[in-house]
Amino acid sequence: MAFARTCSVALVGVDGVIVEVQADLEPGVAAFTLVGLPDKALSEARDRVRAAIVNSGEAWPQRKLTVGLSPASVPKSGSGFDLAVACAVLAAAERLDPSAIADLLLIGELGLDGRVRPVRGVLPSVLAAADAGYQRVVVAEQTAAEAELVPGVSVIGVRSLRQLIAVLTGAPEPEEPPERIVGRPDPLMAGLMLPSAGVRGLPDVAASRMDLADVAGQYEARRALEIAAAGGHHIYLKGPPGAGKTMLAERLPALLPRLTQKEALEVTAVHSVAGLLPAGRPLIDHAPYCSPHHSTTMPAIVGGGSGLPRPGAVSLAHRGVLFLDEAPEFPVRVLDALRQPLEAGEVVIARSAGSLRLPARFLLCLAANPCPCGRHSRRGEGCECTPAMVSRYQNRLSGPLLDRVDLQVQVAPVTRAELMQRDTSAETTAIVAARVLAARERAAARLAGTLWRTNAEVPGHELRTRWQLAPGALNYAARQLERGLLTARGLDRVLRVAWTVADLAGRDRPEQRDIRTALVLRTGVEQGLPLTEQFFRSPNLAADRAESWSDDRAENRTGDRSGDGSDEQSEERADAPAGRRPTRPRSARRPPGPTPTEKPEESGT
């Protein structure tokens, strides 16, 4: 009886499980049995391995052959076990030294001619091998660069089974020049790269030409986009068609800092399993951008598929941006399925074949029209939708989902002046990205020694206890909570946004103006702050004008109206959430003097 063993890796999601490949030869009728929960593709390895060994100039053993994949309780799928099975069979037949492959981990598919073809998921497989203590890994030549991203592992890239036999036996390697293919894709790469599914993981030519300065107007949305990138906050852009919502979302990934080495390995591992790594670029070091169509199914968004689940859009956008354009058009079940990943930063999928945990720490960007026709406004001009249609359309985004979105911004239509005139003062992506990077570094210094890296990841309890706010900064938000206009989760998210606003402004801790700014960006209601072009261009100017304007409003509340309770009615109108108009008695009148929207124009800036 002859026996040999080697190792390979079975992928469960983006996690690898070391699998021992055992080959046993016994006297008897020639047969080839493969056991260990193989799927259909792995079961067909019997024919591929036999043909590859014979066409590589080796003899096929004419005995009873049994190949076992251990642990037998773990489902195995794919063709990446071919190379390990072939080497185990050759070692059992005494063509190779069994000790030479005992501590070797092999990953690769075999063609019928003996060539080694690349497979998906090489990076997570090698990561699992490194964690298990393996120091030598054999992969296809095309994926050697991807495997070499893992430190501490010696990678052997081979082109054919004949070349691997020569390496293991010490014989001269056969001359096998790479096949040059002109005018068509390399057939060896077929199956390694699948359609992109709306994912952009590397900066392509079209993405590099997108600049934030191309967006006409929308200074409030620009400022909200900057805050979202600096703190990792989810954002909801709501406005009529053609206002620039999609343009803003497409420029959001460029504002995010480059991925760290650890983050890049996480993202690359997910894309490697999904078959989305482009040839020649083994490492993804930029924030990925995923924009699925609204007809996408739940398994494609969350993850799933037949057998063991595969990564979905929430995992493909890990450490990047998930943009859902026309969000109300998505199925309600799909939208509500995002609630758990938004909180936990991961998604757990259970199937009959097994369950797995996939990373899903993404920045969600929602975009929607105000109604089906897109022309609904407070004035109601040009809208053809009935109130019931508008309400039904807006309610497709559930309250629990929107409660997890930190920034909810109204995107106003672009005026003719903003569209036709060239705005030389519009900031480019590079300028805004520099401020975002500085804010991220400031937050990273404060969060050093913790499990979090951005303000959006910090739990609310830690924000309220570990890091103190300025005295009285939370009073206004606390009143919102008492009146039921803000939930407990909403208060925590206001605190997170306030810390990001303070980081962008270079302050050590949030002040009352930062809390009010966070409330404006969450509710869409002016909480004593003007939302004008000049206000959002300069954080320092915004802080000074907000402080002076708040003082002016306090003075206007005193005097003749001190005893009639009208200041409470005014404050209640400011506290009202977006889309709901508060009621007031007919006796209430607007205070004398300029309105809040006119006040900033009188400051002379």
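For the structure itself, look to the data block above.
Residues numbered from 1 in each chain as written. Predicted model: local features only at pLDDT ≥ 70, side-chain atom pairs only at ≥ 80, totals over all residues. Heavy atoms only, no water.

## Regarding the overall build of the protein
Item 1. Helix and strand content of the protein: 26 helices and 19 strands.
Item 2. Counting only residues that meet the buried cut, the protein has 49% of its 605 residues in that class.
Item 3. A sequence separation of at least 24 residues applies to 71% of the contacts in the protein between residues at least 6 apart. (Helix = DSSP H or I, 4+ residues; strand = E, 2+ residues; numbered from the N terminus. Buried < 20%, exposed > 50% of the residue type's maximum accessible area, 1.4 Å probe, protein only. Contact = heavy atoms within 4.5 Å.)

## Quick word on the packing of helix 2 (residues 45-55) against helix 3 (residues 82-92)
Item 1. Look at helix 2 against helix 3: their axes get within 10 Å of each other, and the N-to-C directions meet at 60°. As judged from the angle between their axes, helix 2 and helix 3 are oblique. For helix 2 against helix 3, the interelement crossing comes out right-handed. Contact residues: helix 2 offers Ala45, Arg48, Val49 and Ile53, while helix 3 offers Asp82, Val85, Ala86, Val89 and Leu90.
Item 2. Tallied by class, the residues present in the contact of helix 2 with helix 3 amount to 7 nonpolar, no polar and 2 charged. (Axes fitted to C-alpha atoms, helices over the stretch in contact; angles between N-to-C directions. Parallel < 35°, antiparallel > 145°, perpendicular 65-115°, else oblique. Left-handed = near helix turned anticlockwise from the far one by under 90°. Nonpolar A, V, L, I, M, F, W, Y, C, P; charged D, E, K, R; others polar.)

## Details of the pattern of salt bridges
Item 1. Using the criterion set out here, one finds 30 salt bridges in the structure.
Item 2. A salt bridge links Arg489 to Asp403; the shortest N-O distance between them is 3.0 Å. One end of the pair, Arg489, is in helix 22 (residues 488-505); the other, Asp403, is in the loop between helix 17 (399-402) and strand 19 (407-410), and 86 residues separate them in sequence.
Item 3. The partly exposed category is assigned to Arg489, whose relative accessible area is 31%. (Salt bridge = Lys/Arg side-chain N within 4 Å of Asp/Glu carboxyl O.)

## Quick notes on the packing of helix 9 (residues 219-231) against helix 22
Item 1. Relative to each other, helix 9 and helix 22 sit at 100°, their axes nearing to 9 Å. The orientation of helix 9 with respect to helix 22, classified from their angle, is roughly perpendicular. Across the interface between the two elements, Arg223, Glu226, Ile227, Ala230 and Gly231 of helix 9 pack against Val497, Thr500, Val501 and Leu504 of helix 22.
Item 2. Grouping the amino acids of the contact of helix 9 with helix 22 by side-chain chemistry returns 5 nonpolar, 2 polar and 2 charged.

## What to know about the packing of aromatic side chains
Item 1. Applying the stated criterion to the full structure yields 2 aromatic pairs.
Item 2. On the basis of an interplanar angle of 40° and a centroid distance of 5.7 Å, the ring pair of Phe32 and Trp60 is categorised as tilted. Linking Phe32 in strand 3 (residues 31-35) with Trp60 in the loop between helix 2 and strand 4 (64-70), this pair joins segments that are 28 residues apart in sequence.
Item 3. For Trp60, a relative accessible area of 14% gives the class buried.
Item 4. Relative to Phe323, the ring of Tyr289 has its centre 6.4 Å away and its plane inclined at 25°; by these criteria the two rings are stacked. (Phe/Tyr/Trp six-rings, centres within 6.5 Å; stacked < 30°, edge-to-face > 60°.)

## Focus: the nonpolar core
Item 1. In terms of nonpolar packing, the biggest core is built from 53 residues, with Ile235, Leu252, Cys365 and Ile515 touching the most fellow members.
Item 2. The element contributing the most residues to this core is helix 22, with 8 residues.
Item 3. Here Cys365 is in contact with Ile235, Leu237, Ala249, Leu252, Val321, Leu322, Phe323 and Leu324, once residues within four sequence places are set aside.
Item 4. Core analysis: the next-biggest nonpolar cluster, separate from the first, contains 43 residues, Ala84, Val89, Leu104 and Leu164 among them. (Core = buried A, V, L, I, M, F, W, Y, C linked by side-chain atoms within 4.5 Å.)

## Some thoughts on the side chain of Glu462
Item 1. Residue position: Glu462 is located in helix 20 (residues 460-465).
Item 2. Judged by its relative accessible area of 18%, Glu462 falls in the buried class.
Item 3. For Glu462, the residues in contact, after removing those within four places along its chain, are Trp452 and Trp467.

## Digging into helix 7 (residues 161-169)
Item 1. Considered for burial, the residues of helix 7 that qualify are Leu161, Gln163, Leu164, Ile165, Ala166 and Leu168.
Item 2. Within two residues after helix 7, Gly170 carries a phi angle of roughly 80°, on the positive side.

## Some points on unusual backbone geometry
Item 1. Omega for the bond connecting Ser70 with Pro71 falls within 30 degrees of zero, at 5°, which places this linkage in the cis form.
Item 2. The phi dihedral of Gln218 falls on the positive side, at around 55°, and the residue is not glycine.
Item 3. Within the secondary structure layout, Gln218 lies in the loop between helix 8 (205-208) and helix 9.
Item 4. For Gln218, a relative accessible area of 10% translates into the label buried.

## Digging into the pairing of strand 11 (residues 235-238)
Item 1. Here strand 11 shows a buried face lined by Ile235 and Leu237 and a second buried face lined by Tyr236 and Lys238.
Item 2. Where strand 11 lies against strand 18 (residues 363-368), 4 bridges are found, and the strand directions are parallel. Note on strand 18: the bridge partner recorded for Lys238 is Ala368.
Item 3. Examined bridge by bridge, strand 11 and strand 19 share 4 bridges and lie parallel to one another. Along strand 19, the bridge assignment pairs Lys238 with Gln410. (Pairing = 2+ DSSP bridges.)

## Let's talk about the environment of Ala4
Item 1. Within the secondary structure layout, Ala4 lies in strand 1 (residues 2-12).
Item 2. Judged by its relative accessible area of 1%, Ala4 is buried.
Item 3. For the pair Ala4 and Val67, spaced 63 residues apart in sequence, the C-alpha to C-alpha distance is 9.8 Å.
Item 4. The contacts of Ala4, once residues within four sequence positions are left out, are Val21, Gln22, Ala23, Ala88, Ala91, Ala92 and Pro98.

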